[in-house]
Amino acid sequence: MRDKLLIVEDLWKFIDGKPILRGVAFEINEGETKVILGPSGAGKSTLLRCINLLVMPDKGKIIFDGEDILGKRDIHSVRSKIGFVFQHFNLFSHMTALENVMFGLIKVKKMSKNEAEKKAKGALAAVGITEELWDKYPAQLSGGQQQRVAIARALAMEPKLILFDEPTSALDPELIWEVLNVMERLAKARMTMIVVTHEIGFAMRVADEVMFLDNGVILEKGAPEQVILNPRNERVKRFMDRMKYVYSIGKGNVY
């Protein structure tokens, strides 16, 4: 039995007096991939940001790797173990692809430049960013390439968990597969991941569990075949019927 890497208990977050997360609770074991689905404004991004301590929750517990991280003063040590891949890449525009990946290794992990460069090149190669792209700046890369650099940046830090916040939402349709392909390989390699996405075909293929979040509450969670194809909750069913129509999913089809 795999160890529980993350336990979220009764998590609440208020913004301007409005509850964005309302008692969210779930667990993830090492090596699992969880996919969070739900409408815009449901609190999905806020949940990821709370887990990575980019946003501090108002109530609840986050137990990561055996520690209650809400009580830790050294937030940077927590973030060094939890990678975060954003919607809009968040690369430094004045740094090359290689420098972007090296940055955290030098500043956070205190590696030498030579050691960081070797590690960064390995991470870039792992996501299909070939050598001729290492000295390119973000503006010289496609959206898919930029997002793969962002994934390499997270991987290079050797995190125990990676959070993905709609990593394909800013991409042209023909570039989405580049990023999903990398993420699928990570899932098969048993990297522990929590993925917020609308790509339900991806969820069907790789998720160990799917959670549906709406209005700050997890309405349903379970195997992807259950939550996506046969949801029990009426709100989830309405959402999934529309998504299945858009993505042509159903009756055994993935796309």
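Residues numbered from 1 in each chain as written. Predicted model: local features only at pLDDT ≥ 70, side-chain atom pairs only at ≥ 80, totals over all residues. Heavy atoms only, no water.

In the annotation of an unreviewed UniProt entry, the entry for the chain reads Amino acid ABC transporter ATP-binding protein, and the organism field reads Ignisphaera aggregans. UniProt's Sequence similarities (unreviewed entry) comment on the chain is quoted here verbatim: "Belongs to the ABC transporter superfamily." Turning to the chain, the UniProt record has this under Subcellular location (unreviewed entry): "Cell membrane". (UniProt positions renumbered as here; feature names shortened; annotations may be inferred.)

Caption draft 1: Focus on the pattern of salt bridges. The tally for this structure, following the rule as stated, stands at 13 salt bridges. For Lys160, the salt bridge is made with Asp65, and the minimal N-O distance between the two is 2.8 Å. A residue pair is termed long-range when its members are at least 10 positions apart, and Lys160 in the loop between α5 (143-156) and β7 (161-165) and Asp65 in the loop between β4 (59-64) and β5 (67-68) qualify at 95 residues. With relative accessibility at 37%, the residue Lys160 sits in the partly exposed group. Of the charged contacts, one joins Asp208 and Arg190 as a salt bridge, the two residues approaching to 3.4 Å between their closest N and O atoms. With Asp208 in the loop between α7 (200-206) and β9 (209-214) and Arg190 in the loop between α6 (173-188) and β8 (193-196), this residue pair connects regions lying 18 residues apart in the sequence. In this structure Asp208 comes out as partly exposed when scored by relative accessible area, which is 31%. Given a relative accessible area of 39%, Arg190 falls into the partly exposed group. Here the salt bridges do not stand alone but share partners, grouping Glu32, Lys34 and Glu209 into one network. (Salt bridge = Lys/Arg side-chain N within 4 Å of Asp/Glu carboxyl O. Helix = DSSP H or I, 4+ residues; strand = E, 2+ residues; numbered from the N terminus. Buried < 20%, exposed > 50% of the residue type's maximum accessible area, 1.4 Å probe, protein only.)

Caption draft 2: Broad picture of the pairing of β8. Side chains Met193 and Val195 of β8 all project onto a buried face; the interleaved residues Ile194 and Val196 project onto the opposite face, where all are buried too. Of the pairings in the sheet, the one linking strand β3 (residues 33-37) to β8 comprises four bridges and is parallel in character. Counted as the bridge partner of Val35 is Val195 from β8. Pairing geometry for β7 and β8, over four bridges, is parallel. Directly across from Ile162, in β8, lies its bridge partner Met193. Between β7 and its parallel partner β8, the chain crosses via α6, and the hand of that crossover is right-handed. (Pairing = 2+ DSSP bridges. Right-handed = clockwise from strand over helix to strand, strands pointing away.)

Caption draft 3: Structural view of the layout of surface pockets. By volume, the largest pocket amounts to about 580 Å³. Taken together, 21 residues line the largest pocket, and the ones lying closest to its centre are Arg79, Gly104, Val108, Arg153 and Met157. Among the elements of the structure, α2 (75-79), β6 (82-85), α3 (97-107) and α5 are those that each provide at least two residues to the lining of the largest pocket. Ranked by residues supplied to the lining of the largest pocket, first place goes to α3 with four residues. Here the residues of the lining of the largest pocket sort into eleven nonpolar, seven polar and three charged. Around the second largest pocket, the lining residues are Met95, Thr96, Leu98, Glu99, Met102, Phe103, Ile106, Lys113, Glu117 and Asp135. (1 Å grid on protein atoms, 1.4 Å probe; cavity = no way out; pocket = protein on both sides within 12 Å on 5 of 7 lines; lining within 4 Å. Points joined across faces, edges and corners; volume = space filled by probe spheres on them. Nonpolar A, V, L, I, M, F, W, Y, C, P; charged D, E, K, R; others polar.)

Caption draft 4: Just a negative patch on the surface, in detail. A cluster of like negative charges, contributed by Glu99, Glu131, Glu132 and Asp135, occupies part of the molecular surface. One can find Asp135 in the loop between α4 (113-126) and α5. Take Asp135: its relative accessible area is 58%, and that puts it in the exposed class. (Patch = residues over 30% accessible without salt bridge, like charges linked within 9 Å, V, L, I, M, F, W, Y side chains within 5 Å. Areas by Shrake-Rupley, 256 points an atom, 1.4 Å probe, with all protein chains shown as cover. Lys, Arg positive; Asp, Glu negative; His and termini not counted. Charge placed at Lys NZ, Arg CZ, Asp CG, Glu CD.)

Caption draft 5: Spotlight on the sheet that holds β8. Taking strand neighbours across the sheet as the criterion, the six strands line up as β6-β7-β8-β3-β9-β10 in an open arrangement whose pairing is mixed. Unpaired on one side and paired on the other, β6 and β10 (217-222) mark the two borders of the sheet. Ignoring strand direction, the axes of neighbouring strands in this sheet form an average angle of 20°. Along the sheet, helix α1 (residues 44-51) makes contact with β3, β6, β7, β8 and β9, crossing β7 at roughly 155°. Set on the sheet, α6 makes contact with β3, β7 and β8; between it and β8 the angle comes to about 150°. (Axes fitted to C-alpha atoms, helices over the stretch in contact; angles between N-to-C directions. Contact = heavy atoms within 4.5 Å.)

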